[in-house]
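# Structure at a glance
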Amino acid sequence: MRFFALPELDRTLIESFARCLAACLFLLAVSTVRGEDGPDVEGVQREWPRLDPIEAPSGAEIEEAIDDGIGYLLADQNENGSWGSATRTKGLNIYAPIPGAHHAFRAAVTAMCISALIETGSDREDVVGALEPAEEWLMENLPRVRRATGDAMYNVWTHCYAIQALVRMDQRVPDDKTRRERIRELIELQFDMLTRYASVDGGWGYYDFRYETKQPSSSSISFVNAAVLVAFREAADAGFEPPQKVVDKAIAATLRQRLPDFSYLYGEYLKDSPRMGVNRPGGSLGRSQACNVALRLWGDEKVTDDVLRRWLDRLFARNGWLDIGRKRPIPHEAWMQVAGYFYYFGHYYAAYCIEQLPEEDRPEYQAHLARLMLDRQEKDGSWWDYPLYDYHKPYGTSFVLMTLARCR
């Protein structure tokens, strides 16, 4: 069996499940938050869940979890320095045409693992020993990553997370001029590839089910735009120059998908179904954090501290909307059409949102975020949210390590 990331969904079935569970979810929300009505963004009156205080995990607990996560990545690294493989299919596979989709998956996951190890443990001898072959593998293989087929463009994830890894690699060894020049050339290559594979509408999608044109006719996907815009911002802050025209079109495409309550459409192709479950606040919990911080980083004054706080409150108070989809093998089979792969993605970008708040506002959110991550760590030290061949544990672990690093 094969699945796409957003299959055709039986909305009647989804809505039936949602109605059956509505009362239970309401009682759960009431028992865990001190609900309070107040003016929402754009002047709309809505419930705004507020968080109850919790005991923050100790620094020692966080460091122990980080050490265990690092240990998992070191043990899981391939002999050639990369992470991930096209194994563990179990007859239930997301659409991934060979070999190009797997070239993209492995390179993206390897880039994420590099970023995570640099952020959490690059002063450790064993981590440096893993980083050196990983960085060499990435630099050798990035120029080979391409669009897999006319309809599958998972390479956009590679170019996105490679930029973040390359920026960190550049900062890790600042005195090697030859290496830094090589890194600069690769960052410029990622800019070029993201320009080449940007949708004609602006932004990026990972499928082109319209016309499979040379410049993709794909629908812009809000959370892909957000991830790339965050990577572009980090590159710009490090002295590199992302293509401004591409940035501007991606921002415009993301704004077109923003709803008045700062939920975001899954993709622009759903613009005529804004109240479809996946586009409502519960379905947007894994995207709103990324989209809000991406637009904020690029100067959107509407994404205020208040907007960030309210969506962080929603994320933690109503975490069940995301958590109930975690580890489900079929994309979007959970309530609100949530897919498992939203879980750690959403919390990673929530950590970026927390960094944007005034310093005195951060500890409460860091405590909630760290507690969620610590409670979900697997016995082998990894984290994962969606079964994806053999890429899911390294990408999940990388997301959480970088999340916990922002909770220290």
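What you are looking at is a predicted structure, and each value in this text was computed from that prediction instead of being measured.

Reading guide: rules and limits
Residues numbered from 1 in each chain as written. Predicted model: local features only at pLDDT ≥ 70, side-chain atom pairs only at ≥ 80, totals over all residues. Heavy atoms only, no water. Helix = DSSP H or I, 4+ residues; strand = E, 2+ residues; numbered from the N terminus. Contact = heavy atoms within 4.5 Å. Expected span 1.5 Å × (residues − 1). Buried < 20%, exposed > 50% of the residue type's maximum accessible area, 1.4 Å probe, protein only. Axes fitted to C-alpha atoms, helices over the stretch in contact; angles between N-to-C directions. Parallel < 35°, antiparallel > 145°, perpendicular 65-115°, else oblique. Left-handed = near helix turned anticlockwise from the far one by under 90°. Nonpolar A, V, L, I, M, F, W, Y, C, P; charged D, E, K, R; others polar. Phe/Tyr/Trp six-rings, centres within 6.5 Å; stacked < 30°, edge-to-face > 60°. Lys NZ or Arg CZ within 6 Å of the ring centre and 35° of its normal. pLDDT = per-residue confidence, 0-100. Salt bridge = Lys/Arg side-chain N within 4 Å of Asp/Glu carboxyl O.

Glancing now at the side chain of Ser-218. Within the element layout of this structure, Ser-218 appears in the loop between helix H6 (177-196) and helix H7 (222-237). Each residue touching Ser-218, except ones within four places of it in the same chain, is listed here: Met-153, Ser-199, Asp-201, Gly-205, Tyr-207, Asp-208 and Arg-210.

Here we take up H7. Given a rise of 1.5 Å per residue, 16 residues ought to cover 22 Å, and the 23 Å separating the end C-alpha atoms of H7 matches this to within 8%. Counting buried positions along H7 yields 14 of 16 residues, so the element is predominantly enclosed. A positive backbone phi angle near 105° is found at Gly-239, which sits one or two residues after H7.

Here we come to the packing of helix H2 (residues 59-76) against helix H13 (residues 362-375). For the pair H2 and H13, interaxial distance at closest approach is 11 Å and the crossing angle is 45°. Relative to H13, the element H2 is oriented oblique. Regarding H2 and H13, the two cross each other, and that crossing is left-handed. Contacts between H2 and H13 involve Glu-61, Ile-62 and Ala-65 on the former and, on the latter, Ala-370, Arg-371 and Leu-374. Residues of the contact of H2 with H13, tallied by class, amount to 4 nonpolar, no polar and 2 charged.

This structure, assessed with the given rule, holds 31 aromatic pairs. Ring geometry for Phe-345 against Phe-399: centres 6.1 Å apart, planes inclined by 85°, an arrangement best described as edge-to-face. Remark: Phe-399 occurs in helix H14 (residues 392-405) and Phe-345 occurs in helix H12 (residues 343-356); sequence separation between them is 54 residues. Of the residues examined, Phe-399 reaches a relative accessible area of 4% and is grouped as buried. For the ring pair Tyr-395 and Phe-399, a centre distance of 6.1 Å and an interplane angle of 85° mean the geometry is edge-to-face. Residue Tyr-395 and its partner Phe-399 are both found in helix H14; the two are separated by 4 residues, about one turn of the helix. As far as the burial class goes, Tyr-395 and Phe-399 line up, both buried. Seen from the ring of Trp-298, Arg-233 lies directly overhead, with NZ or CZ sitting 4.3 Å from the centre. Across from the ring centre of Trp-311, 4.8 Å away, lies the NZ or CZ of Arg-314, which sits over that ring.

For the bond running from Ile-98 to Pro-99, omega is -10°, close enough to zero to count as cis. Looking at the secondary structure, you find Pro-99 in the loop between strand E4 (93-94) and helix H3 (100-121). Within the chain, Met-336 stands out as a residue other than glycine whose phi angle is a positive 60°. Position of Met-336 relative to the elements: it lies in the loop between helix H11 (320-323) and H12. Exposure remark for Met-336: the relative accessible area of 19% places this residue in the buried category.

Overall, the prediction assigns the protein a mean pLDDT of 90, with 88% of residues at 70 or greater. Here residues 7-14 is modelled with pLDDT under 50, and outside its nearest four sequence neighbours on either side it reaches 13 contacts, counting other chains as well. Contacts from residues 16-45, a stretch scored under 50 in pLDDT, to residues over four places away or in other chains number 39 contacts.

In this section: the environment of Pro-331. Its location among the elements puts Pro-331 in the loop between H11 and H12. C-alpha of Pro-331 to C-alpha of Tyr-386: the two residues are 55 residues apart in sequence and 8.4 Å apart in space.

Let us now look at the environment of Lys-327. Here Lys-327 shows up in the loop between H11 and H12. Put simply, Lys-327 and Pro-387 are 60 residues apart on the chain and 6.6 Å apart in space, counted from C-alpha to C-alpha. Once residues lying within four places of it in the same chain are set aside, the contact partners of Lys-327 are Glu-378, Trp-384, Asp-385 and Pro-387.

So, about the pattern of salt bridges. Scanning the entire structure with this criterion turns up 28 salt bridges. Salt-bridge contacts for Glu-63 lead to Arg-408; the nearest nitrogen and oxygen are separated by 2.8 Å. Taken together, the positions of Glu-63 in helix H2 and Arg-408 in the segment after H14 put the pair 345 residues apart, joining distant regions of the chain. The exposure class of Arg-408 is partly exposed, given its relative accessible area of 46%. Its salt-bridge partner being Arg-182, residue Glu-136 comes within 3.3 Å of it at the nearest N-O pair. Of the two residues, Glu-136 is situated in helix H4 (residues 125-141) and Arg-182 in helix H6; the sequence distance between them amounts to 46 residues. Through salt bridges with shared partners, a single network forms among Glu-119, Arg-168, Glu-234, Glu-355 and Arg-406.

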